[in-house]
Each structure stands twice: as C-alpha cells, then as structure tokens.
Amino acid sequence: MKPLDVGAVKITDVFWNRYIELVREVIVPYQWEVMNDRVPGVAQSHAIANFRIAAGRESGEFYGRRFQDSDVAKWLEAVAYCLATKPDQRLEALADDLIETIGEAQWPDGYLNTYFTLAKKGERWTNERESHELYIAGHLIEAAVAYFRATGKGRFLEIMKRNADHIDAVFGPGPGQLHGYPGHQVIEMALAKLYEATGEERYLRLAKYFLDERGRKPHFFELEAVARGEPGDLGPFGLKMYEYNQSHLPVREQKKAVGHAVRAVYMYSGMADVAALSGDKGLAEACGALWEDVTRRQMFVTGGIGQLEWWEGFSRGYDLPNDTPYNETCASIGLMFWASRMSRLELKGDYFDVAERALYNGILSGLALDGKSYFYTNLLEAVPEEIEARLDAEYSGAIRRGWFPCACCPPNLARLIASLGGYIYSADERRLAAQLFIASSAKVAMGGVPVEVTMEGDYLRDGSMSIAVSPDRPVRFTLSVRMPGWCGGGRSPIVRLASEGDGSDAALTNGEAPTNGETPINNEAPMAIEDGYLHIDREWKRDDRVELNLPMSARRVRANPLVREDAGKVALTRGPQVYCLEEVDNGPLLSDITLAREPDFETRYEPDLLGGLTTIEGKAFRGGCGGCDGDDCGSGGGSGGRGGGWRDELYREADFERKPIKAKAIPYYAWANRGRNEMRVWINQD
C-alpha cells in the first residue's frame, strides 16, 4: 500500500487547518527571513547567502555549520507541499529563483555542497563520518522530488539527478569507488523517493548498497581516517562512535536502537523503504525488531525518543528521565516517518498509533502557537530556574527560541505539517486505509473506479467521525479504518455502517459481531477487526458511510515499574493527546500536587484558551510542603520562591496534612505558550 499524494488530499480539519495555514502564512515566510538573516535577535543562519556565494551571485565566505544547506532543502520541501495544496505564484517564483541559485552552485560533475565549495574545496568525500555530504544531498533530493510532484517542473529534479548520478559514481562496489556509507543517514530515504519518481533502478540499488555496506569490517570510517593521515583506531571510544551512527553492526543484525536518535530513525525509515520496494525480508525483519525495542522500551509517553543529550540519542531500555531527556523534535518527526513506512510493509494499527502519539505530542510541542519559536528538545518536566542552572543544557529550555545555530528542527516541522495530507490515507488496487482521523477529502481509484472519500468530524473535540465513500459506480473493495490503541480497556469504539444504496445498516459495538438486529448488510458479515484495523469488505455505493464514536474520556496511564522516574505517578491522556500541568493554572511547585484516587475528571472545551482546546480538571491535593496552596511559596530562601513556606529548612519531620484542590491539565503540545513557567507531565498519584 502507498500513501496518497499530498496534492490528492484536501484537509478540512478545524484543528489541523489552523496549523497548515500557519505554515503557509507565517512559518514559511518567517523561516525565509531567518535564513536570509533579516530577523533580529535570533541565531544567524546565512544559509541562503551560502548558496548565493557558491553560485557566484554575491561575494563572501561560508558561515554556519557544515550541514547548513539542509535547512534550505527542508524549507523548499515545505514550500513544495504548500504549493501542492494551494497555488501561490509569488511563493513559487521565490522557490524557482532559489532553485536556479542551487543549480548555479552545482559543480560540473554534479557535486553540490556549499561548505565544501567555499570552505573545504579540496576535501570533498574525505570524511563522510562527519562531513554530512550525503545527508545534505538526501534532503535536497527529497525536496526536488516533492517540488516536481507539486509543480510538474523538472529543473530541480534534474539538478538532483545529476547530484545522485555523481554520488552513484563515487560510491559503490567497483574499483576506484568508495566502499562506504553516510555518517548521518537520510540519503537512503531520498534515493527511494527518487527511484519512485523516476523509475530508474540505479537509485534504489544505491540506497540498498549504502544499507548493505554499513557496519561491515574493516569499518569504512577507519579506512577514510587512515587515508586522511589520522589514526584509524579510535580506541575505547571507537565502539561508541560506531554505535553513535549505527555502523557498529550490519543493519540486518541490529536489534537494539543505539546512538543518535535522528540518524537511527532516518536509517530505519530507509530500511523500511528499501524493504517495501525490493521485497528484502531481512531488512523488514530487522525493522520489526528495532521497532519493538524503540516503542516498547525507549519511547516516552509523548512519542519522544532519545534520552541522552550526550549523543542526542538512545540510552537503554526503561531509562526515561523527565527533566533531562533530549527528545529532539526531529527525532519524533523521524519516528513518524518510520511508522508510516512500517505501515507500508504491514498494515498494523500499532504503527499509526505511534505516529499519532508522536504527531499530537512530541512533534507539535516543538512549535509555538504563533509559529515563530521552537523547542529543539522536549522535556516532560520543566522548572525554568533549574534548567537555566544546568550549564550542559545547551538546547533545553522552558521557553521556545526563534532559531538555533543548529536549526534542523524548525524547517523539519514546516515540511512535516505541510505534508500531513500524505499520512491520512493509503491505498492499493483493492484496499483503502484511513490511518489518521483528520477531516479531509480525497480521490482515489479502486479497481479502476474513481472513488471520493470524505472524512468529517472534530476528532479531538468529541471523537465522532464519519467516513463517506462515493464511487462513480458500485465497486467492491476493502475499507480499513484504524481503531486507535487508546480505545482499549473497556472503551472500545462504536461503529455504524450506513448504506444509502439499499437502506440497510449494521453496527459494531465494543468489538462484537456486526448486526442490525436482523441480517448483516448484503447477507454478509462485512466487518472484522484484525491487527488494529476495522476491515469492511463490500460493494460500495454512492454515499455509503462509516460512522465512528471514539470514546474521548480522560484516562490515567501508568509506566512500567522499570521506569523508576515514574513510580507512583500517572500521566493524563485523552484520545491521542498527553496532558500536562502548568504553573500558570496550578501555581508553583507542581511536584507537591497529588491526584486523588477518585479524581472525578471533568473535561471542558475552552475555545478562547490557546487557540481552543479541551482541558481536564480533577480532584487533587497539595500536601508535601505542609499543606500550602502554592500561592505562599515565596519564602524559600535561595530557592527562587519555591520553598513551600519552609524558609531556610532543607529537611523536617514528615507531616501528612493535605489540602484539597482542583488540578487543571492542558494538552502537552500547548505548554510554554503563556510565558516562562513550570510544567509537569507525570503527576503524583494518591
């Protein structure tokens, strides 16, 4: 099954249209200004100037990180998705001019990289472990494919085909070629996309070569170090370096996620792509084992991954700290990439359950509601003055920033949100799958018959969704609708199939057999739930509908006892969203709040709060500091006003006085939009 193209899907969702318009009207223009160094008070980018200098359009020197070109690539990809869903002549002309600049910066042999053109001209392809040359090429290829699909213009695609052909000549098994692979993965995904866009097998072969070669001995990174005149043996740190970029083992032997989280999930996504396109079962099996490790042992409740700041990546199973995780926004985006590709290998609800968790929590939290500031890391517990006192927390914070010296996350957010239409549906000739519950419409051919599918409803508000299916003429196929994993535990969905064509209907309640009280539709049993999907196999007629009532009640979630940081605590969730407490709603010292055993949760939609969202309120207590209500915590000596009335005491004999309060929680993605304040996801439970 393949996802429907972004341009084939029109999103009408109240929640997501706000973000898509934010990307189009605010984020894309803002990021263009930042990359042109025209926004005061934020980290300088110089990314556009680097291309203009390399193209000979202006004079100057390279500035920024060696991978700065990738910011421009991701921005162009976001622009492509914007154009795919809504024409914009001014934006398209701006992109066309930038593409011409990129073409002018390309070497005659197809090589393209402003850092090595301007700063290290004689060192190209000599240090792939650290150079990011293939990484930048990958992002530019992805942007070129997206732009070609959106506009039909082939100029950018031809530029990047020349670049890919150059890479194919440099890397490979032949004599005189480099028998290597990227230090930072993404080229594998990009080459798979280029293969699908062009049909040229050599691009898929090259993607597979990079995966097959990775982790073989002698290590390519050792060999290229020796060729540079450096020690090939990195000593005791060597194994960790190989784990850092997932080259410690051949990819088919990797069972545990290690190293830099973004590199890892980008590689896993490429593995799934190549497995799907080539039928490589070994790659598919390795993806399955790695998926189990990441999502069962190393994923935060928000869909964040990457526990360690030290290498921006994985630690070990069940090591999931709340106040010091890295949880890079790009890593959650990469997790969503990977999940969608795993669904292409095998239609299992677990994959888009994880994608949805990451999307609504670990990804959206990286973006401020105004579209002009970002989180690089995403904490689950934040006390601002404690973060600021940690000198090692370079990219952590309780306030989002306008840009970063390493600015991979902001344009990554832009391209992900702009491409959201490509994640809602997937299809083959005989099956159409609804993966995400986002109000939208699309046109697809099923069995050669044009079919319009329309999804309506306000998913986050009340969980009621309707999927209308209207073929040009009656046609039989299977509609597969994901039944979210959070619907379990006695909260199974209610599904009703209404057929206008023959006046019959059927219902599936709490997983029981379909029935309308008499006979199933068309004297068949059209509904079955398997691997997290409701499959409806029938002859569809115009205006047939599937109506779903998904239970959007507040829930408490516990962590595995091996997650020591969360012992005695719960996280609040509602549907796909994780919730958090903020100081602005509950007063300071959130660690002093304990939920009642019977919290009697109340949910309320508040249209004027943070763009409109549903809050959760429940009975709770304050008591760990002697019964204060959080408002008299200003006598804490040197603790910055959070001493809980203890004055200069550090310890005292325990008392157990508690004061009843109402605790208020908001969706996690919306925190840090009301100023600098404390936040907490995992809450003490009575």
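Keep in mind that this is a model prediction, so the values were computed, not measured.

## Topic: the overall build of the protein
A tally of helices and strands in the protein yields 20 helices and 23 strands. Taken over C-alpha atoms, the radius of gyration comes to 26 Å for the protein, in line with the 26 Å a tight globule of 686 residues would show. Each principal axis of the C-alpha distribution contributes one length, and for the protein these read about 75 × 75 × 50 Å. By residue count, 60% of the 686 residues in the protein fall in the buried class.

## Considerations on helix H9 (residues 187–198)
Under the 1.5 Å per step criterion, the end-to-end length of H9 is 16 Å for 12 residues, consistent within 8% with the ideal 16 Å. Extensive coverage of H9 is indicated by the burial of nine of its 12 residues. Of all the residues in H9, the buried ones are Ile187, Glu188, Met189, Ala190, Leu191, Ala192, Lys193, Leu194 and Tyr195. Tucked into the core, H9 has its buried residues touching helix H3 (69–85), helix H7 (133–151), helix H8 (155–170), helix H10 (201–213), helix H13 (261–278) and helix H15 (329–345). Gly199, located one to two residues past H9, shows a positive phi value of around 75 degrees.

## Some details on the environment of Thr151
The topology assignment puts Thr151 in helix H7. As for Thr151 and Glu130, which are separated by 21 residues in sequence, their C-alpha atoms are 34 Å apart. There is a polar contact of 2.7 Å between the side chain of Thr151 and the backbone oxygen of Tyr147. Within polar-contact distance, the side chain of Thr151 engages the backbone nitrogen of Lys153 at 3.1 Å.

## Quick look at the packing of H13 against H15
In contact at an axis separation of 8 Å, H13 and H15 are set at 15 degrees when each is read in the N-to-C sense. On the basis of the axis angle, H13 is roughly parallel to H15. In the packing of H13 onto H15, the handedness of the crossing is left-handed. Contacts between H13 and H15 involve Ala261, Val262, Val265, Tyr266, Tyr268, Ser269, Ala272, Asp273, Ala275, Ala276 and Leu277 from the first element and Cys330, Ala331, Gly334, Leu335, Phe337, Trp338, Arg341, Met342, Arg344 and Leu345 from the second.

## Description of the pattern of salt bridges
One pass over the full model with this rule turns up 48 salt bridges. In this structure, Lys193 engages Glu142 in a salt bridge whose closest nitrogen and oxygen atoms are separated by 3.1 Å. With Lys193 in helix H9 and Glu142 in helix H7, this pair connects stretches of sequence that are 51 residues apart. Between Glu196 and Arg344 there is a salt bridge, with its nearest N and O atoms 2.7 Å apart. Of the two residues, Glu196 is situated in helix H9 and Arg344 in helix H15; the sequence distance between them amounts to 148 residues. Its relative accessible area of 28% is what places Glu196 among the partly exposed residues. Judged by relative accessible area, which is 19%, Arg344 ranks as buried.

## Some remarks on unusual backbone geometry
Residue Pro218 follows Lys217 across a cis peptide bond; omega there is -5 degrees. With respect to the secondary-structure elements, Pro218 resides in the loop between H10 and helix H11 (220–227). If you check the backbone angles, Tyr318 has positive phi at about 70 degrees while not being a glycine. With respect to the helices and strands, Tyr318 occurs in the loop between helix H14 (281–297) and H15. On the basis of relative accessible area, Tyr318 is assigned to the partly exposed category, the value being 22%. Phi angles above zero are rare outside glycine, and Asp543 is one such case at about 70 degrees.

## Some points on the sheet that holds strand S9 (residues 475–482)
By way of backbone hydrogen bonds, the strands of a sheet pair with one another, either parallel or antiparallel. Within the open sheet, the six strands sit side by side as S1-S4-S5-S9-S13-S12. Their pairing is mixed. One side of each edge strand has no neighbouring strand; the edge strands of this open sheet are strand S1 (2–3) and strand S12 (527–530). Here helix H16 (residues 349–363) sits on the sheet in contact with S9 and strand S13 (533–540), set at roughly 50 degrees to S9.

The rules behind each value
Residues numbered from 1 in each chain as written. Predicted model: local features only at pLDDT ≥ 70, side-chain atom pairs only at ≥ 80, totals over all residues. Heavy atoms only, no water. Helix = DSSP H or I, 4+ residues; strand = E, 2+ residues; numbered from the N terminus. Rg over C-alpha atoms; globule rule 2.2 N^0.38 Å. Buried < 20%, exposed > 50% of the residue type's maximum accessible area, 1.4 Å probe, protein only. Expected span 1.5 Å × (residues − 1). Contact = heavy atoms within 4.5 Å. Polar contact = N/O pair within 3.5 Å; in protein donor to acceptor, adjacent residues only side chain to side chain. Axes fitted to C-alpha atoms, helices over the stretch in contact; angles between N-to-C directions. Parallel < 35°, antiparallel > 145°, perpendicular 65-115°, else oblique. Left-handed = near helix turned anticlockwise from the far one by under 90°. Salt bridge = Lys/Arg side-chain N within 4 Å of Asp/Glu carboxyl O. Pairing = 2+ DSSP bridges.

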